[in-house]
Amino acid sequence: MAAAGMKIMVGCKRVIDYAVKVRVRPDKTGVVTEGVKHSMNPFDEIAVEEAVRLREKKLAGELIAVSCGPKECGETLRTALAMGFDRAIHVEINDPKVYETLSPLHVSKIFAKLVEKEKPGLVILGKQAIDDDCNQTGQMLAGLLRWPQATFTSKLSVNGDSADITREVDGGLETIKVSLPAVVTADLRLNEPRYATLPNIMKAKKKPMDKVNPTELGVDLSPRVEILKVEEPPVREAGVKVDNVDELINRLKNEACVI
Amino acid sequence: MILKNLITVRAALNGRKHFANVIQRTSLSTISNRQQLDLLKLDYNGITDSVHDQLASIVGSENVSSSTAILEQHSHDESYHSPVLPDTVVFPGSTDEVSAVLRICNEQRLPVVPWGTGTGLEGGAIPSLGGVVMDLGKRMTTIRSINESDFDATVEPGVSRMRLNDELRATGLWFPMDPGADASVCGMAATSASGTNAVRYQTMKHNVLSLEVVLANGSILRTGGRSRKTSAGFDLTGLFVGSEGCLGAITAATIRLHPQPERAVAAFSAFPSIRNAVDAATAIMQCAIPVAKIEFMDEDMVDAVNRFSDLENSIKPTLFIEFHGSEVSTDDDLSRTADIVSEFGGADFTFAKDVEERSRLWKARHSALYACKTLRSGPNIRYIMTDVCVPISRLSECLTRTKEDILECGLPGPIVGHVGDGNFHVILLVDRSNSDEMDIATGVIDRMCHLAISMEGTCTGEHGIGIGKQKFLVHQLGASTVDAMRNLKSTFDPNHIMNPGKIFSFT
């Protein structure tokens, strides 16, 4: 039962769980994802939590979670629903080749189309995904929509048709004011996400999840990038003991090239 | 003292200097003739090349090590007991490997100590008599199953409690036992660990459904299933929980999970005296308010925590409480508790409903042990931590008398306690190089344990007996009870290779 009020849309990306030891596939075209634990991108969890808190403060109405990918993204969306969201939109991408080369530009175009349809007053995304670390989707989306953007947000307070935001920047903290609607990207210290409780997980199973085909949205998902090779970093080699100072200097000069 | 002399002679012959560093040993001076003969067959000399090769062929040569660093890492836990180097460390990767390793050690009469995370507080994992440390935590790291609909999970020894909870975070379930360290769940079963949530969620004793255990002769037992109740045969699960590696090695544990609380509210209040604080806690328990945590800190502990975590709590005996439940029930619990607190002179009653504030509050409590070091600094300063547990009606008296004793002894001794269970910890800060201080500290602990036992309590609420509390066991439980334990031990481990020198000796 959505209260009347500002609609918020949040992106939830399904990524390999942060605790997993990632391995490169033997054919060096990517990383192993089969049978590996996946979960919601941690920054997206923070975005979800922020939206739920805004609604608890009666500053928001309907909360919509969006995810782009194969059918397993449904689980990610159910987590958002269990944390308190009302509705989910699953943009189905079933072709693994398309999914593997899905990039922030594609995703931001998809979101732009959904925003046109749903007309939210605020879009909150995680600042970056922990698998690709791109940190681009929020910025590109704001550009496509020609909306104000507030990235690396560590504090958000909504006041009517504008929001006061504290951003974490290299030099410290920056406080800005943006008019709504706007795109906000969530940084680590914005909040501590709640755990989904069992009753809410049960309720989430019954909440609506719409499936959307990206071609319906008119978005071209052809790859803009070709992955040539994926490699693990070089294996750390054993240290070497040298016999005397001359040998040390020789090696530092000619092998390590540091003197 | 025959056996001790024998070991020293053999050690000298083999030139194994580290035996000279062993100070704590089982009291072997009055063992019976029959057992003496058994024990004399034990080879405490070290690992022969042939045994080393056999071990290597089971686990792989890269998983057997006697490098100095590895031996040192496995020579001590987080207790104050002196480190003892083992002869070798083995890293099995599966239950079958554990079984094969134990079979060899049993044949060769080598002492074996099962190792989880090495975070115990009573010396349980220290290889007091040398031998083999079997590090189960390094390679056996699988979460075998999580059954969300049945609220249970099965984990191997390398899975720590925080890692398990991390895996569970999206399921609506959690594992509430939270001893200070990020301990191995199987290790927690071995010591029957507890934590701040025991007052509501109980201890490992009540939360282990089944264990997979390997005995000294290599046989693999599964002590139960996943049903919430069972009446099938003797309760072997209960037997192995708290057995501190002396009956067998735990290679997997099936534990109960609990639903995440709908809402958690934290509260705290300062009191004019220790007695007021503890009486308030007792009253809260006796009114059957379903608290999830109820923790006590004396003024020294509050002082330490303030310094360490940058807080400004008033330096007085304080109670930290947490309520779990629905919005309605937690509000009700909170207001009823506020009434009791003010009745006992509690002031500055503060509560925190949001996650960040609650986390900050509890982080302060959880780092209490590390915070204590701010009370006394120096290169030789170590903490000696101990715990006792008494019936709740005796807690106030036990705690106040212990505090008086500590104040008299002159050493810093902050107290932190799970008062809802009648359990409290004393952390004495001692200069290790000063044997007088060590004696004073030992005196305080001895008197505290005797006091608790005289109140029909226990000399160890949650840490286990390990090395240092063996002297209290007979006094607490009686000679015939401890004899029954010895008989059980001899049945499960006839060659006495499993963690010898812990819990009790053969007197």
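Scope of this entry: the structure provided in the associated data block. Values in this document were obtained by computation on a predicted structure and should not be read as measured data. (Residues numbered from 1 in each chain as written. Chains lettered and ligands numbered in written order. Predicted model: local features only at pLDDT ≥ 70, side-chain atom pairs only at ≥ 80, totals over all residues. Heavy atoms only, no water.)

**Quick notes on the pairing of strand β4 (residues 132–135) of chain B**
A regular strand places its side chains on the two faces of the sheet in alternate fashion. All names here are of chain B. Spelled out, the test is: Classification of residues uses two cut-offs on accessible area relative to the type maximum, computed with a 1.4 Å probe and protein chains only: under 20% is buried, over 50% is exposed, and between them is partly exposed. By the criteria applied, helices consist of DSSP H or I runs no shorter than four residues and strands consist of E runs no shorter than two, each listed in order from the N terminus. For two strands to count as paired, DSSP must find a minimum of two bridges between them.
The two faces of β4 match: Val 132 and Met 134 on one face and Val 133 and Asp 135 on the other face are all buried. Relative to β4, strand β2 (residues 88–90) is paired through 3 bridges, and the arrangement is parallel. Paired with Thr 88 across the bridge in β4 is Val 132. Here 4 bridges tie strand β3 (residues 112–115) to β4, and the two strands are oriented parallel to one another. Considered in β4, the bridge of Trp 115 is made with Asp 135.

**Some details on the pairing of strand β14 (residues 318–325) of chain B**
Residue and element names in this part refer to chain B. With 8 of 8 residues buried, β14 is to be regarded as a mostly interior element. Side chains Thr 318, Phe 320, Glu 322 and His 324 project from β14 onto one buried face, and the interleaved Leu 319, Ile 321, Phe 323 and Gly 325 project onto a second face that is buried too. Note that strand β12 (residues 263–270) and β14 share 8 bridges and pair antiparallel. Bridge assignment links Ala 267 to a residue of β14, and that residue is Ile 321. Summarising the sheet, strand β13 (residues 291–297) and β14 pair through 6 bridges and their orientation is antiparallel. Across the sheet, residue Phe 296 finds its bridge partner in β14, namely Leu 319.

**Describing the sheet that holds strand β10 (residues 249–256) of chain B**
Residue and element names in this part refer to chain B. Put simply, the test is: Lines fitted to C-alpha atoms define the axes, with helix axes restricted to the stretch in contact, and inter-axis angles between N-to-C directions lie between 0 and 180 degrees. Note on contacts: a residue pair qualifies if any of its non-hydrogen atoms lie within 4.5 Å across the two residues.
On the basis of which strands lie adjacent, the open sheet formed by 5 strands has the order β5-β6-β10-β8-β9 and antiparallel pairing. The two strands at the open ends of the sheet, each matched to only one other strand, are β5 (143–147) and β9 (220–222). Strand-to-strand, the axes of this sheet are offset by a mean angle of 10°, without reference to chain direction. Of the strand pairs in this sheet, strand β6 (residues 152–155) and β10 are connected by 4 bridges, and their pairing is antiparallel. Residue Val 155 lies in a different strand from β10, and its bridge partner there is Ala 253. Contacts between helix α5 (residues 95–108) and the sheet are confined to β5, β8 (208–214), β9 and β10, with β8 contributing the most and set at about 50° to the helix.

**With respect to the state of the cysteines**
Residue and element names in this part refer to chain B. Applicable threshold: The disulfide definition used here is simple: a pair of cysteine sulfur atoms within 2.5 Å.
Enumeration according to the criterion identifies 0 disulfides over all chains in this entry. Of the cysteine sulfurs around Cys 372, a residue in no disulfide, the closest is that of Cys 409, at 14 Å. Overall, the relative accessible area of 0% leaves Cys 372 in the buried class. You can see Cys 459 has no disulfide; the closest cysteine sulfur is in Cys 449, sitting 5.2 Å from it.

**A short note on the pattern of salt bridges**
In a structure, side chains of opposite charge can pair up when their charged atoms sit close to one another. Selection criterion: Salt bridges are defined as contacts in which a side-chain nitrogen from Lys or Arg sits within 4 Å of a carboxyl oxygen from Asp or Glu.
One pass over the structure, following the stated rule, counts 50 salt bridges over all chains. Note that Arg 144 of chain B is salt-bridged to Glu 156 of chain B, the shortest N-O span being 3.0 Å. Note that Arg 144 of chain B is positioned in strand β5 and Glu 156 of chain B in the loop between β6 and α6 (161–167), a separation of 12 residues in sequence. With a relative accessible area of 9%, Glu 156 of chain B lands in the buried category. Because the salt bridges share partners, they merge into one network encompassing Lys 7, Glu 62, Arg 87, Glu 118 and Asp 210 of chain A.

**As for unusual backbone geometry**
Residues and elements named next belong to chain A. With an omega of 5°, the peptide bond running from Leu 180 to Pro 181 counts as cis. Considering the arrangement of structural elements, one finds Pro 181 in the loop between β9 (172–179) and β10 (182–186). Backbone geometry at Lys 28 places phi at a positive 60°, although glycine is not the residue there. Tracing the backbone shows Lys 28 in the loop between β2 (14–16) and β3 (38–40).

**Overview of a nonpolar patch on the surface**
Residue and element names in this part refer to chain A. Rules: Patch definition: residues above 30% relative accessible area lacking any salt bridge, with like charges linked at up to 9 Å and the nonpolar side chains Val, Leu, Ile, Met, Phe, Trp and Tyr linked at up to 5 Å. The method behind every accessible area is Shrake-Rupley, applied with a 1.4 Å probe, and residues are considered shielded solely by the protein chains displayed.
The grouping of Val 240, Val 242, Val 245, Leu 248, Ile 249, Leu 252, Val 258 and Ile 259 at the surface amounts to a nonpolar patch, some 680 Å² of accessible area in total. For Val 245, the location among the structural elements is in helix α7 (residues 245–254). The class of Val 245 is exposed, set by a relative accessible area of 57%.

The analysis is restricted to geometry; functional conclusions fall outside its scope.
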